[in-house]
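Breakdown of the fold
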Amino acid sequence: NGCETSVEFTISEPDALSASVSVSDVSCNGEDDGSAELTVIGGTPPYSTENLTELTAGTYTTTVIDSNGCETLVDFTVSEPDQLEYSITITDPICNGDSGSVQVTASGGTPPYTTLGSADFLAGTYNSQVSDANGCVTIFEFTVSEPDALVASVSVSDVSCNGGDDGSAELTVTGGTAPYTTEDLTELTAGTYTTTITDANGCETSVEFTISEPDAL
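Calculation rules
Residues numbered from 1 in each chain as written. Predicted model: local features only at pLDDT ≥ 70, side-chain atom pairs only at ≥ 80, totals over all residues. Heavy atoms only, no water. Pairing = 2+ DSSP bridges. Helix = DSSP H or I, 4+ residues; strand = E, 2+ residues; numbered from the N terminus. Axes fitted to C-alpha atoms, helices over the stretch in contact; angles between N-to-C directions. Phe/Tyr/Trp six-rings, centres within 6.5 Å; stacked < 30°, edge-to-face > 60°. Buried < 20%, exposed > 50% of the residue type's maximum accessible area, 1.4 Å probe, protein only.

**Here we look at the sheet that holds strand 7 (residues 118–121)**
- Spatial strand order, 5-6-7: three strands in an open sheet with antiparallel pairing. Looking at strand neighbours, the two that pair on one side only are strand 5 (85–91) and strand 7, the edges of this open sheet. Taken over all neighbouring pairs, the strand axes of this sheet differ in orientation by 25° on average, direction set aside.
- Bridge count between strand 5 and strand 6 (residues 100–107): seven bridges; the pairing is antiparallel. Counterpart to Glu-85 in the pairing with strand 6 is Ser-107.

**Notes on the packing of aromatic side chains**
- Under the counting rule described, the total for this entry stands at seven aromatic pairs.
- Where Tyr-126 meets Phe-142, the ring centres are 5.5 Å apart and the plane angle is 25°; that geometry is what we call stacked. Of this pair, Tyr-126 sits in strand 8 (residues 124–131) while Phe-142 sits in strand 9 (residues 137–144); the two residues are 16 residues apart in sequence, bridging distant segments of the chain.
- A relative accessible area of 25% places Tyr-126 in the partly exposed class.
- Ring geometry for Tyr-193 and Phe-209: centres 5.4 Å apart, planes at 15°, overall stacked. Pair noted here: Tyr-193 is in strand 12 (residues 191–198) and Phe-209 is in strand 13 (residues 204–211), with a separation of 16 residues, a long-range link.
- Taken together, the ring pairs in this structure connect Tyr-86, Phe-121, Tyr-126, Phe-140 and Phe-142 into an aromatic cluster.

Written out as structure tokens, the structure reads:
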């Protein structure tokens, strides 16, 4: 008989499955405290995602799967700061027992930095560190050097005749920084003397000696 009827129907689909990512970068160069947090919309909840914590710096692709097995991929990059580094300028003391100066600057990492800045140090070996705003730390050692102590010894030639002036003294100088400046210690009469030795850096030491003479004839 060819009789007909019509039926209308609708096939629905979920919204497109998509995800956005919020990244927390690594705090210190070489560490693994980066992470990513996903915001997922569309598809059919609940969603299955990967663990995105304890990440090192790098580029990642993660997969999001909804309850129907539909998938979407998200690419993201975790960054890290440059290596926290230091530079140091040491000015050694020019005289034994004096202080030298040290200046430390930092670079890389995440400013602002904490350093010892500029400071005075006696000769020796020291440990120090620089740290940045994220608590990253670089430890280093430095040495402040000094010349050896300026020391003089004296060899005396006494006056040959009472009242004469042919006494003399010869100095032996060590330490400090050569060359040395000394006084003329010839044609000396009997008596007690103090003489000063100065090295190339202006450091000084003094030595006392006595010239004797024979009794009057």
